[in-house]
Amino acid sequence: MQDKEVAQLLHDEALRQEQTINLIASENYVSDDVLAALGSTLTNKYAEGYPGARYYGGNMHTDALERLTQERALALFGLSADAWAVNVQALSGSPANLAVYTALVPHGAKIMGLSLDQGGHLTHGHKVSITGRWWQQVPYVLDKETEVLDHTAMRAVALEEKPAMLVAGYTAYSRIIDWDALRAIADEAGALLHVDASHIAGLIAGGVYPSPFGYADTVMMTTHKTLRGPRGALIFTRKDERKLHEKVNKAVFPGLQGGPHMNAIAGIAVALHEAMQPEFKAYAAAVVNNAQTLAQALSEKGWRIISGGTDTHLFLVDTWLNGISGQAASEALEREDIIVNKNAIPFDTRTPIDPSGIRVGTAAETTRGKTTDDMIALAKQIDQILRSILI
Ligand code: DSN
């Protein structure tokens, strides 16, 4: 690379990634093939529109690529093109959720989403997100005792508020979601069911987490978390007489975006192909096994795990119970090259900038070949680091 300054920064970041233990639940390491697709000449190409209907010439190869990506996305989740459509152009998760609401929820109508401090996401209608200004969030919360979804309370909120859309799928929730129960609540309230499967996408693809496709009207997922692709998003829409998929396509382009990032779409296609291989099933199972082992080992050392454990790639630790804020915990771990993020825990009494816990995820380290033995050693190391700042 001619640009020495940028080359140095790229080198430094590569080294940082190599030399640290990455427990950030939303990150992963892509393959060299995904990186090659991202760094390809496709970044030079404008492809506004959809395959066969572009606004620029020279799109014969991007048309084929986008169609291939769509076919792979449907195939990975066992969906037929008659029943489901998929849009592969959204730039990432937040714009993808925005596109779904823009398409399907009238301006000012109600979106029922899990509160941010309980494990939801900003774009599930939080007031600091545009989704909380253009639509009205009706929040739901977890059961205070068990720290899992409380379907009875959810149903009561849904029937009282009659939201236009129920949003399920979270950023800091470690348990199996009962899609059937959520579909029933949405139906009773007359709401659409939108699933944000960003965190669990790879687990669903790998067959270790229940699929929401039999229940949802729309499923959005980012491609760079457990799915292990480049940054991007897929929006799956049920195809029926409601024509939801046509509305979603129009919301993505021309509603919210111009030209799609075709190099990222190529990277997504590669990642989807990788996720169809038998090794990916083994990977997904190992991710969950590692998370469960790490959570159990930390619990045995006296750290409270929210909801008592995990069924996924992630879990929350209540560090404040042992006298350490989430900020102090994440800083202490980073000094020893273990990277996590501070995170609110359900019913947190502290602020989002210095909450009561940390979020821990195993997708990235499992990609690097870490085993359950490594998780037990890691729990010991984390425990020692955190206890060292107590004295
Ligand atoms: N930033 C993502 C996460 O860490 O979960 C969600 O947008």
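Up top is the structure these notes are about.
This section reports on the structure supplied with the text. On a predicted model such as this, the values are computed, not experimentally measured, just so you know.

### Here's the deal with the overall build of the protein chain
Line of reasoning, step 1. Each helix and strand in the protein chain was counted, giving 14 helices and 15 strands.
Line of reasoning, step 2. In terms of overall size, the protein chain behaves like a compact globule, its C-alpha atoms giving a radius of gyration of 21 Å where 391 residues would be expected to give roughly 21 Å.
Line of reasoning, step 3. On the principal axes, the C-alpha backbone points of the protein chain span a range of 65 × 60 × 35 Å.
Line of reasoning, step 4. The 391 residues of the protein chain split such that 53% are buried.
Line of reasoning, step 5. Partitioning the intrachain contacts of the protein chain with sequence separation of at least 6 by distance along the chain shows that 72% fall at a separation of at least 24.
Line of reasoning, step 6. Just so you have it, the protein chain exposes about 16700 Å², and 53% of that area is on carbon and sulfur atoms.
Line of reasoning, step 7. Of the side chains in the protein chain, 34 bear a positive and 44 a negative charge, and the two mean positions are spaced by 4 Å.

### Points about a negative patch on the surface
Line of reasoning, step 1. A grouping of Glu331, Glu334, Glu336 and Asp337 is seen on the molecular surface, where their side chains present a negatively charged patch.
Line of reasoning, step 2. By the element assignment, Glu336 lies in the loop between α12 (326-335) and β13 (338-339).
Line of reasoning, step 3. Taking the relative accessible area as the measure of exposure, Glu336 reaches 47% and is therefore partly exposed.

### Some points on the sheet that holds strand β10 (residues 233-238)
Line of reasoning, step 1. The mixed open sheet is built from 7 strands, whose spatial order is β4-β10-β9-β8-β7-β5-β6. A single partner strand is all that each edge strand has here, and the edge strands are β4 (84-87) and β6 (136-140). Ignoring strand direction, the axes of neighbouring strands in this sheet form an average angle of 20 degrees.
Line of reasoning, step 2. As judged from the 3 bridges shared by strand β8 (residues 192-196) and strand β9 (residues 218-222), these two strands associate in the parallel manner. Looking at β9, one finds that Val195 is bridged to Val219.
Line of reasoning, step 3. Packing against the sheet, helix α3 (residues 60-76) makes contact with β4 and β10, and its axis sits at approximately 130 degrees to β4.
Line of reasoning, step 4. Together, β5 (110-114), β7 (165-168), β8, β9 and β10 form the strand contacts of helix α4 (residues 93-104), whose direction differs from that of β9 by roughly 165 degrees.

### Some details on the nonpolar core
Line of reasoning, step 1. Counting residues in hydrophobic clusters, the biggest one holds 60 residues, and the most contacted among them are Met221 and Phe236.
Line of reasoning, step 2. Counting residues per element, this core draws most heavily on helix α10 (residues 262-275), which supplies 7 residues.
Line of reasoning, step 3. Ignoring any residue separated from it by four or fewer positions in sequence, one finds Met221 in contact with Phe77, Ala197, Ser198, Ala201, Phe213, Leu227, Gly232, Ala233, Leu234 and Phe236.
Line of reasoning, step 4. Of all hydrophobic cores here, the second largest spans 24 residues; its members include Tyr101, Leu104, Val105 and Met220.

### Concerning the sheet that holds strand β15 (residues 357-361)
Line of reasoning, step 1. Spatial strand order, β11-β12-β15-β14: 4 strands in an open sheet with antiparallel pairing. Strand pairing shows two members of the sheet lacking a second neighbour, β11 (304-305) and β14 (341-343), which therefore form its edges.
Line of reasoning, step 2. Sitting on the sheet, helix α11 (residues 278-300) is in contact with β11, β12 (314-318) and β15, with an inclination near 15 degrees to β12.
Line of reasoning, step 3. Sheet contacts for α12: β14 and β15; angle to β15, the most-contacted strand, approximately 45 degrees.

### Quick look at the pattern of salt bridges
Line of reasoning, step 1. Per the stated rule, a full pass over the model turns up 16 salt bridges.
Line of reasoning, step 2. Across the salt bridge formed by Arg368 and Glu365, the nearest N and O atoms sit 2.8 Å from each other.
Line of reasoning, step 3. By relative accessible area, Glu365 is classed as buried at 0%.
Line of reasoning, step 4. Residues participating in the shared-partner salt-bridge network are Arg183, Asp187, Asp217, Asp240 and Arg242.

### What to know about the environment of Arg335
Line of reasoning, step 1. Its place among the elements puts Arg335 in helix α12.
Line of reasoning, step 2. Residues Arg335 and Ile385, spaced 50 residues apart in sequence, show a C-alpha to C-alpha distance of 9.3 Å.

### As for the site of the ligand
Line of reasoning, step 1. Contacts to the ligand come from Ser26, His121, Thr171, His199, Lys225 and Arg359.
Line of reasoning, step 2. Within the side chain of His121, one N or O atom sits 2.8 Å away from an oxygen atom of the ligand.
Line of reasoning, step 3. Between Arg359 and the ligand, the recorded distance is 2.7 Å, taken from a side-chain N or O atom to an oxygen atom.
Line of reasoning, step 4. In the complex, the protein chains occlude 64% of the 230 Å² of accessible area that the ligand would expose alone.

What counts and what doesn't
Residues numbered from 1 in each chain as written. Predicted model: local features only at pLDDT ≥ 70, side-chain atom pairs only at ≥ 80, totals over all residues. Heavy atoms only, no water. Helix = DSSP H or I, 4+ residues; strand = E, 2+ residues; numbered from the N terminus. Rg over C-alpha atoms; globule rule 2.2 N^0.38 Å. Buried < 20%, exposed > 50% of the residue type's maximum accessible area, 1.4 Å probe, protein only. Contact = heavy atoms within 4.5 Å. Areas by Shrake-Rupley, 256 points an atom, 1.4 Å probe, with all protein chains shown as cover. Lys, Arg positive; Asp, Glu negative; His and termini not counted. Charge placed at Lys NZ, Arg CZ, Asp CG, Glu CD. Patch = residues over 30% accessible without salt bridge, like charges linked within 9 Å, V, L, I, M, F, W, Y side chains within 5 Å. Salt bridge = Lys/Arg side-chain N within 4 Å of Asp/Glu carboxyl O. Pairing = 2+ DSSP bridges. Axes fitted to C-alpha atoms, helices over the stretch in contact; angles between N-to-C directions. Core = buried A, V, L, I, M, F, W, Y, C linked by side-chain atoms within 4.5 Å. Near = heavy atom within 4 Å. Polar contact = N/O pair within 3.5 Å; in protein donor to acceptor, adjacent residues only side chain to side chain.

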